[in-house]
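# Structural description and commentary
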Amino acid sequence: MPSEECRQKCSALIEKLETNTYFSAALPALNQKWNEIKDGLISEGTTEAEAQKQAYKLVLSHLHDVMRGAESLVETKINDRINRDEIQDASQARKSAAGNIFQQMIAYVLAKNVLLGNIAKNVIVTTSTKNLIEEYAAIRVGDDIQKPDSDILVYSPDANTPIMNLSCKTSCRERAGQTYKWKLLCDLATCNCDHKDDNLNCPATKYGLAYTATKKILVCFITADFYNELTNPQIAAMFHFFDFSYVAKETCVPNIASLDRIIDDINSVF
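Residues numbered from 1 in each chain as written. Predicted model: local features only at pLDDT ≥ 70, side-chain atom pairs only at ≥ 80, totals over all residues. Heavy atoms only, no water.

## Quick word on the sheet that holds strand β2 (residues 139–141)
- Spatially, three strands are ordered β3-β2-β6 in an open sheet, and the strand pairing comes out antiparallel. If you trace the sheet from one side to the other, it starts and ends with β3 (144–146) and β6 (209–210), each paired once.
- Bridge count for β2 against β3 is three bridges, and the pairing is antiparallel. Residue pairing in the sheet places Arg140 in a bridge with Ile145 of β3. (Pairing = 2+ DSSP bridges. Helix = DSSP H or I, 4+ residues; strand = E, 2+ residues; numbered from the N terminus.)

This is the structure we're talking about:
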């Protein structure tokens, strides 16, 4: 089971998100879908306590629908803030809210799964990624530094454990490409092939890549696939590069798992 430290940090994340202006507006849509799943499990004979736990895992693969259901709730909040002169640009608020809420929904539900025991390993879920990324995932390219796109980290305070870096996007058009390019850069920087040293034809040598991998970084991409982009072979092909790939809706796309699978993967990785 997760330690008290891990549970406390996940609890703090949940409490913080529940006070966020737009996330709190969208939260009823998540709770409604969770209740629907829970009630369906109970009708099939699952006990209420077990149904509550299972529903917090299964709801991950319905976040596409949750996000769509939350749009009117968030729009009401945006209009209210416009009327109160708290913000001036509704279109910019909509754009930033959609991406942020999706990331926050994933972090919130993962933290809930830690507290409920569905995630049985000693892990912490955080959206405060900057310090950990700079410490463990910054790659030097000559005189420059490259860092991965990071929205959520799942990590453990225990020694000799990896970090799961989650890039969470409502669509795949640009950000999936950015994430998989960093993954390729990471693979090059950590390559230990026999032909690397003093070989100017080796990309790691040619571009002066330097990276001390004190913790293994697992690069994961999660999409809501709002625009059904996964049917495009060029976009779907990018998902081969990630350590784990997920879509927040039920799917049969090869190489891309429904998001509820991430709970089992976290338990396996750690």
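## Section: the pattern of salt bridges
- For the structure on display, the rule yields twelve salt bridges.
- The shortest N-O distance in the salt bridge between Asp39 and Lys38 comes to 3.1 Å.
- For the salt bridge of Lys169 with Asp151, the shortest nitrogen-to-oxygen distance reads 2.8 Å. Of the two residues, Lys169 sits in strand β5 (residues 163–169) while Asp151 sits in the loop between β3 and β4 (152–155), which places them 18 residues apart along the sequence. As far as burial versus exposure is concerned, Lys169 and Asp151 are alike and both buried. (Salt bridge = Lys/Arg side-chain N within 4 Å of Asp/Glu carboxyl O. Buried < 20%, exposed > 50% of the residue type's maximum accessible area, 1.4 Å probe, protein only.)

## Some details on unusual backbone geometry
- The backbone of Asp225 shows a phi angle near 50°, a positive value even though the residue is not glycine.
- Tracing the sequence through the fold places Asp225 in the loop between β7 (217–223) and α9 (233–238).
- Even without a glycine there, the phi angle at Asn228 is positive, about 50°.
- With respect to the element layout, Asn228 can be found in the loop between β7 and α9.

## Details of helix α3 (residues 48–58)
- What α3 keeps buried is the set Ala51, Ala55 and Tyr56. The arc that holds every buried residue of α3, seen down its axis, measures 135°, which confines them to one face.
- Against α2 (21–43) and α5 (90–116) lie the buried residues of α3. (Arc of directions from axis to C-beta. Contact = heavy atoms within 4.5 Å.)

## So, the sheet that holds β5
- What the six strands build is an open sheet, ordered β1-β4-β5-β7-β8-β9; its pairing is mixed. Strands with a single pairing partner mark the edges of an open sheet, and in this sheet they are β1 (124–126) and β9 (257–258).
- Pairing analysis gives seven bridges linking β5 to β7, with the strands arranged parallel. In the strand pairing of β7, Met164 is matched with Leu218.

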